[in-house]
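Examination of the molecular architecture
Given next are the chains, with one letter for each unit.
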Amino acid sequence: MRFDTIIKNGTVVTDVDTFKSDVGIRDGKIAALADDLTEADEIIDASGLLVLPGGIDSHVHIAQASGDGIVMADDFDSGTLSAAFGGNTTILPFCMQEKGTTLRQSLKDYHAKAEGECHIDVSFHLVITDPTAYVLGQELPALVEDGYTSLKVFMTYENLRLFDDQILATLDSARRSGALVMVHCENEDAIRYLIGRHEEKGEFAPKFHALSRPVAAEREATHRALSLAEVVDTPIVIVHVSNRQAMEEIERARRRGSKVAGETCPQYLLLTADDLDATELEGAKFVCSPPPRDRESQIACWEGLQNGTFELFSSDHCPFRYDDDQGKMNEKGKRNFRWIPNGIPGVETRLPILFSEGVNKGRIDINRFVALSSTNHAKQYGLYPQKGTIAIGSDADIALWDPSRSVTITNDSLHHGADYTPYEGLEVEGWPVRVLLRGRTIIDGPAYTGHKGGGIHLKREKTFRPAP
């Protein structure tokens, strides 16, 4: 039996198994897992390497509208290239509905931005900002059938937030359609009140961003989102959780029988609110929402990754240039923290950080790493088993990892469109050295060997049965 490619002598890792095996690839699929495979057009020697499913980052922002005069640092070209160099083969960015625009039109516009630009596969979440009867009653059910099986709602940001009755209507439509709802949980009214208090005192520096978005605002909104989902009996995902109190709300909801998944991100493991208090306006580099917290919150988030409170580890990649009047240092942002674009880059560094800080420091094992970095994302969002595992019949999306390779993260070595990384100077151990997308090598050491346009948009399955 002849293959297009054989990966030999590596250690194959899934979310449940670790074993020595060759991997035979044919027509972009994994066709064999066995010892001593020999006949292939290409033989890749993976001696000393881990053979892992390609990473899936299910929470990234790319080429997204970000306010008047603000431009996101990554388009689909740079964003997907950066993701590939970080060991990822699929990302799920957000298609934002602008108020007054239909979901169909928003998708048409967003697909146009991605067409011919992607280096890896993509699949779009919907963001609902204008939940009209037409959107919820006609468009959303039809789009779910077309494979757009997840959506996001915001409880914060003045121009994006939904009120409780709108959230309930959206959740109920999702329940009937079979769509999974992601929720950004922060109490907008509390945040606006605190922003006003800081402005009255003349407190405009970046550090006041964190102070205006306290743990209590995230905890309350998390509790409220879970309660609303319970009212209409709808599964939800609580995204980018930053602290123990919000985690406890998820755990309590599960004990009540609610179906809820939790997600956290690298910034809540490595950064703190003190980073926003850097000299001059350097703290703007770390402005994101929810903001980083403190050391105790970092410990809590690690516990959540270990004990299953979090099934998902995503980057929440949301890049802006720092030294740019269309990014962090726009004219209004220089004068007041409330106008600093919220978000930090991280799609390329997500997996090396989790591997180094998690696997190599003994916090999680390698199978848990695979689950958090790939498999659980595929299962949660309707891509499994096509993606997220190494199994016969699955796409040959594979990342070969050198578990002992030491790298010092610098922005000059990364491939995103931002002009900084919040992890500058961080030393990590463990790095992806080769990445295959559907059996074709696209990253080989420092070299890019794929081609722009090689990534496709993926239709996804429903992950729960619609209710009447």
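Look up: the structure comes first, before these words.
Conventions we followed
- Residues numbered from 1 in each chain as written.
- Predicted model: local features only at pLDDT ≥ 70, side-chain atom pairs only at ≥ 80, totals over all residues.
- Heavy atoms only, no water.
- Phe/Tyr/Trp six-rings, centres within 6.5 Å; stacked < 30°, edge-to-face > 60°.
- Helix = DSSP H or I, 4+ residues; strand = E, 2+ residues; numbered from the N terminus.
- Buried < 20%, exposed > 50% of the residue type's maximum accessible area, 1.4 Å probe, protein only.
- Contact = heavy atoms within 4.5 Å.
- Salt bridge = Lys/Arg side-chain N within 4 Å of Asp/Glu carboxyl O.
- Pairing = 2+ DSSP bridges.
- Axes fitted to C-alpha atoms, helices over the stretch in contact; angles between N-to-C directions.
- Core = buried A, V, L, I, M, F, W, Y, C linked by side-chain atoms within 4.5 Å.
- 1 Å grid on protein atoms, 1.4 Å probe; cavity = no way out; pocket = protein on both sides within 12 Å on 5 of 7 lines; lining within 4 Å.
- Points joined across faces, edges and corners; volume = space filled by probe spheres on them.
- Nonpolar A, V, L, I, M, F, W, Y, C, P; charged D, E, K, R; others polar.
- Parallel < 35°, antiparallel > 145°, perpendicular 65-115°, else oblique.
- Left-handed = near helix turned anticlockwise from the far one by under 90°.
- Expected span 1.5 Å × (residues − 1).
- Bend = angle between axes of the 7 residues up to and from the residue.

As a further point, take the packing of aromatic side chains. Applying the stated criterion across every chain yields a total of 8 aromatic pairs. With a centroid separation of 5.1 Å and an interplanar angle of 15 degrees, the aromatic rings of Phe355 and Trp401 are classed as stacked. With Phe355 in helix α12 (residues 350-359) and Trp401 in strand β17 (residues 398-408), this pair connects stretches of sequence that are 46 residues apart. Across this residue pair, the class does not change: Phe355 and Trp401 are buried. Looking at Trp401, the relative accessible area reads 1%, which means it is buried. Members of the aromatic cluster, connected to one another through ring pairs, are Phe76, Tyr110 and Phe124.

Let us look at the side chain of Glu249. Residue position: Glu249 is located in helix α8 (residues 244-255). Assessed through its relative accessible area of 9%, Glu249 is described here as buried. With residues near it in sequence (within four places) discarded, Glu249 still touches Arg219, Thr222, His223 and Leu226.

Moving on to the pattern of salt bridges. A full pass over the atoms with the stated rule returns 35 salt bridges. Between Arg2 and Glu39 there is a salt bridge; the shortest N-O distance is 3.1 Å. Of the two residues, Arg2 sits in the segment before β1 (3-8) while Glu39 sits in the loop between β5 (29-34) and β6 (40-45), which places them 37 residues apart along the sequence. Asp22 serves as the salt-bridge partner of Lys8, at 2.7 Å between the closest nitrogen and oxygen. Of this pair, Lys8 sits in strand β1 while Asp22 is found in strand β4 (residues 22-26), placing the two residues 14 residues apart along the sequence. Here Lys8 and Asp22 have matching classes, each one buried. Each of the salt bridges in this network shares a partner with another, and the network as a whole consists of Lys29, Asp121, Lys387, Asp395, Asp397 and Arg438.

Read from one edge of the open sheet, 4 strands run β5-β4-β1-β6, paired in mixed fashion. In this open sheet, the two strands that pair with only one neighbour each are β5 and β6. Along the sheet, successive strands turn relative to each other by an average axial angle of 20 degrees, direction set aside. In this structure, β1 lies alongside β4, joined through 3 bridges in antiparallel fashion. Bridge pairing links Thr5 to Ile25 in β4.

What follows is about the nonpolar core. Among the nonpolar cores identified, the biggest contains 79 residues, and Phe124, Leu151, Ile236, Ile238 and Phe369 are the most heavily contacted of them. Looking at this core element by element, the count peaks at 6 residues for helix α7 (residues 215-232). Beyond its immediate sequence surroundings of up to four residues, Ile236 is in contact with Leu171, Leu180, Val181, Val183, Ala225, Leu226, Ala229, Lys259, Val260 and Ala261. Tyr322, Ile409, Leu414 and Tyr420 belong to the second-largest nonpolar core, a separate cluster that totals 24 residues.

If you add up the space inside the largest pocket, you get close to 1,100 Å³. The wall of the largest pocket is formed by 45 residues, among which Ser66, Gly67, Tyr157, Asn159 and Asn342 lie closest to the centre. The set of elements that each furnish at least two residues to the lining of the largest pocket consists of β12 (150-154) and α5 (188-200). A total of 4 residues in the lining of the largest pocket trace back to one element, the largest contributor, which is α5. Taken together, the residues of the lining of the largest pocket sort by class into 17 nonpolar, 17 polar and 11 charged. Counted as a void, the second largest pocket has a volume near 250 Å³. Considering the residues around the second largest pocket, the lining is formed by 15 residues, among which Ala229, Asp233, Thr234, Pro235 and Lys259 are closest to the centre. A per-class count over the lining of the second largest pocket returns 7 nonpolar, 3 polar and 5 charged.

Bringing the environment of Asn9 into the picture now. Looking at the secondary structure, you find Asn9 in the loop between β1 and β2 (11-13). Separated by 261 residues in the primary sequence, Asn9 and Leu270 have C-alpha atoms spaced 34 Å apart.

Before going further, it helps to spend a moment on the packing of α12 against helix α13 (residues 366-380). Helix-helix packing is characterised by the crossing angle of the two axes and by the distance between the axes. As a packed pair, α12 and α13 sit with axes 9 Å apart at the nearest point and diverge in direction by 155 degrees. On the basis of their axis angle, the class for α12 and α13 is roughly antiparallel. Crossing geometry of α12 relative to α13 is assigned as right-handed. Contact with α12, carried on its side by Arg350, Leu351, Leu354, Phe355 and Val359, involves Ile366, Phe369, Leu372, Ser373 and His377 of α13 and no other residues of that element. Classifying every residue of the contact of α12 with α13 gives 7 nonpolar, 2 polar and 1 charged.

To continue, consider the sheet that holds strand β3 (residues 18-20). Within the open sheet, the 7 strands sit side by side as β3-β2-β7-β17-β18-β19-β20. Their pairing is mixed. Looking at the sheet topology across the chains shown, the edges are occupied by β3 and β20 (447-448). Across 4 bridges, strand β18 (residues 427-437) lies against strand β19 (residues 440-444) in antiparallel orientation. Within the sheet, the bridge partner assigned to Arg434 lies in β19 and is Asp444.

Spanning 13 residues, helix α3 (residues 133-145) covers 18 Å between terminal C-alpha atoms, matching the ideal 18 Å at 1.5 Å per step. By the largest-angle criterion, Glu139 marks the main kink of α3, which is about 35 degrees, and a proline, Pro141, follows within four residues. Those residues of α3 that fall on the buried side of the exposure criterion are Val135, Leu136, Glu139, Leu140, Leu143 and Val144. Once α3 finishes, Gly147 follows within two positions and takes phi at roughly 105 degrees, a positive value.

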